[in-house]
Amino acid sequence: LKEGGKEHALAFCNVRAIPLTDSMSTDLEHSIKRVSDKPRNPTNAASPEEIKILEAYALALEQGEDVEAKILESDLGRTGYFPITTNPMCLQCHGKLGEELDASFYEKVKNLYPEDKAIGYGPGQIRGMWVVNLDSL
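Okay, so let's go over this structure. Please read these numbers as outputs of a predicted model, since none were measured by experiment.

So, helix H2 (residues 48-62)
Step number 1: The end-to-end C-alpha distance of H2 is 21 Å, a good match for the 21 Å that 15 residues give at a rise of 1.5 Å each.
Step number 2: All buried positions along H2 are accounted for by Glu50, Ile53, Leu54, Tyr57 and Ala60. Buried residues of H2, viewed axially, fall in a sector of 120°; they line one side. Turned more than 90 degrees from where H2 packs its buried face, Pro48, Lys52 and Glu62 sit exposed.
Step number 3: Where H2 is buried, its residues touch strand S1 (32-35), strand S2 (70-74), strand S3 (77-85) and strand S4 (126-133).
Step number 4: Backbone geometry just after H2 places Gly64 at a positive phi near 80°.

Some points on the layout of surface pockets
Step number 1: The space that makes up the second largest pocket amounts to roughly 300 Å³.
Step number 2: Its residues placed into classes, the lining of the second largest pocket shows six nonpolar, six polar and four charged.

Quick look at the side chain of Ser36
Step number 1: Positionally, Ser36 belongs in the loop between S1 and H2.
Step number 2: Here Lys38 takes part through its backbone nitrogen, which lies 2.9 Å from a polar atom of the side chain of Ser36.
Step number 3: Excluding residues within four positions of it along the chain, Ser36 makes contact with Asn44, Ala45, Ala46, Leu54, Tyr121, Arg127 and Gly128.

Reading the values: rules and limits
Residues numbered from 1 in each chain as written. Predicted model: local features only at pLDDT ≥ 70, side-chain atom pairs only at ≥ 80, totals over all residues. Heavy atoms only, no water. Helix = DSSP H or I, 4+ residues; strand = E, 2+ residues; numbered from the N terminus. Expected span 1.5 Å × (residues − 1). Buried < 20%, exposed > 50% of the residue type's maximum accessible area, 1.4 Å probe, protein only. Arc of directions from axis to C-beta. Contact = heavy atoms within 4.5 Å. 1 Å grid on protein atoms, 1.4 Å probe; cavity = no way out; pocket = protein on both sides within 12 Å on 5 of 7 lines; lining within 4 Å. Points joined across faces, edges and corners; volume = space filled by probe spheres on them. Nonpolar A, V, L, I, M, F, W, Y, C, P; charged D, E, K, R; others polar. Polar contact = N/O pair within 3.5 Å; in protein donor to acceptor, adjacent residues only side chain to side chain.

Here it is, written out as structure tokens:
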């Protein structure tokens, strides 16, 4: 955003977001992924179990509670869930259409992400979360 505004950020994210996540997984030698119940890229769609966690985070925020990372254990091992909340910067690309997110810019988003669902957010809402397999740390 600092280098070239939201158009530059959109192009950067389209090309680099998933490779950056994948390279961090490789560099840190454990599984890292970013998921959402309203993904911009279908690759980042949350699983049914992850959606339950996202819903719990959203409910906590609605009730005025702070949201913090959760560490859960399952048959697959320990997994950390780290919430991603929106701020005014996020809303330039993920806000309400016609308000923070202007229609002409959203056309550019839709050209790159025809299945986009990642809009309509307000400040301080859960937009997604990082999911980290902790057993490989």
